Amino acid sequence: MGNKWRHFDVPSKRLADVQREIARFLKARVKFPDTMLGGLKGGSPKKNAEAHRGQGLVFKLDIRDCFPSIGHRRVFRMFREQLKFSDPISNLLTKLTTFQNRLPQGSPASSVIANLVLMELHESIQLECEALGLKCTFFVDDITLSGERVREVIAPVVRLVQRHGFSMRPCKVRLLAAHREKLSVTGVLVNRRRLSVGRTRKNKLRARIHQLSRGERVTDSDLRSIQSSVVQVKHISNHQGETLERLVQEKLPKRGVQTPKERAKKIRRVCKCTHKHRHKRNEESVTATHQPASSVAAGLPRQHFVHTLEAGLR
């Protein structure tokens, strides 16, 4: 959040296609608990916050360096023991989804693999919460518990996290009380009757809109950035989002000015094959779109790649 520096290991286009296909295969094969909401279909910060709305006490903790702390051996055991893949297939999938002996941040498959690795921890914490009538949600590495008796589960949960080989950020281990402070869960305020993004975030976005309106020009990228932020706010709070939408319509133009870099991005190759093509600035190359690649890994067709994974099961 904010100005925090983050390291990303971004895969090549071809490897990203392979990892995306692996993630799609794993999501279709594994039934994730309804309380695991990060990086999975149907999950969102809003849904994660909704589960804790109206609770008097909220306990939050964050797993320190979640992706880098998941080593390649743990990923291999997950494929081998949890999903019952054979050794060769587990080894291949581990090599395709890890980088420098760890789970990379920036891979399309990292979120779903992290959820699979954390599933055992999730089940252990869920049992503790069910015994005390508490609510528990996982948003990848953000764990949130809520309920009147949440204080009783803090020490057991911390021990469980450490027992599973993870550590926590001390600054992000917090017990929040609704009568003393604002309860924020994955950036959403939950101690009101309806969810809210908070006054601070809304005011920052308003200030950004006014700043752009006073400038000499508004670029396409600036306009898209503002519109995307407004859509995110509206997804959480319809009232706040509509207020910001009216401000954008009043202060900013409908279309922004394209920079030379943005104009260059419109140039596309006519086809997607292994031969190199020169970028040609003509009408055909500008309007043409990429066709999906017929192979995703080692020259195998997509369907054959999925069948290869299924054949590796015990």
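Above this text you will find the structure in question.
It should be emphasised that the depicted structure is a prediction, and the values quoted were computed from it without experimental measurement.

### Let's talk about the overall build of the protein
Link 1 in the chain: Scanning the protein from terminus to terminus reveals 13 helices and 8 strands.
Link 2 in the chain: When the 314 residues of the protein are sorted by exposure, 42% land in the buried category.
Link 3 in the chain: Excluding contacts between residues fewer than 6 apart, the proportion of contacts in the protein whose partners are at least 24 apart in sequence is 70%.
Link 4 in the chain: Carbon and sulfur atoms make up 50% of the accessible area of the protein, which amounts to about 18,700 Å² in all.

### Description of helix H8 (residues 199-214)
Link 1 in the chain: The terminal C-alpha atoms of H8 lie 23 Å apart, and with 16 residues this matches the ideal 22 Å at 1.5 Å per residue to within 8%.
Link 2 in the chain: Within H8 the residues assigned to the buried category are Lys202, Leu205, Ile209 and Leu212. Along H8, the residues classed as buried sweep out an arc of 90° about the axis, all on the same side. Residues of H8 that are exposed and point more than 90 degrees away from the buried face comprise Arg199, Thr200, Lys204 and Arg214.
Link 3 in the chain: Along its buried surface, H8 packs onto helix H9 (220-236) and helix H10 (238-251).

### Here we look at the packing of aromatic side chains
Link 1 in the chain: Counted under the stated rule, the structure contains 2 aromatic pairs.
Link 2 in the chain: Note on Phe25 and Phe85: the rings are 6.4 Å apart at their centroids and 50° apart in plane angle, and the pair reads as tilted. Linking Phe25 in helix H1 (residues 13-29) with Phe85 in the loop between helix H4 (72-82) and helix H5 (87-97), this pair joins segments that are 60 residues apart in sequence. The residues Phe25 and Phe85 share a single accessibility class, namely buried.
Link 3 in the chain: Taken together, a centroid distance of 6.1 Å and an interplanar angle of 85° make the contact between Phe79 and Phe85 edge-to-face.

### Comments concerning the nonpolar core
Link 1 in the chain: One finds Ile113, Leu121, Ile125 and Leu145 to be the most contacted residues of the largest nonpolar core, which totals 52 residues.
Link 2 in the chain: Per-element accounting of this core gives the leading share, 11 residues, to helix H6 (residues 110-132).
Link 3 in the chain: Ignoring anything within four residues of it in the chain, the contact list for Leu145 reads His52, Leu57, Val58, Phe59, Ile125, Cys129, Lys135, Cys136, Val150, Val153 and Val157.
Link 4 in the chain: Counting residues in each nonpolar core, the second largest holds 22 residues, with Ile209, Val233, Leu244 and Leu247 among its members.

Thresholds, definitions, all that
- Residues numbered from 1 in each chain as written.
- Predicted model: local features only at pLDDT ≥ 70, side-chain atom pairs only at ≥ 80, totals over all residues.
- Heavy atoms only, no water.
- Helix = DSSP H or I, 4+ residues; strand = E, 2+ residues; numbered from the N terminus.
- Buried < 20%, exposed > 50% of the residue type's maximum accessible area, 1.4 Å probe, protein only.
- Contact = heavy atoms within 4.5 Å.
- Areas by Shrake-Rupley, 256 points an atom, 1.4 Å probe, with all protein chains shown as cover.
- Expected span 1.5 Å × (residues − 1).
- Arc of directions from axis to C-beta.
- Phe/Tyr/Trp six-rings, centres within 6.5 Å; stacked < 30°, edge-to-face > 60°.
- Core = buried A, V, L, I, M, F, W, Y, C linked by side-chain atoms within 4.5 Å.

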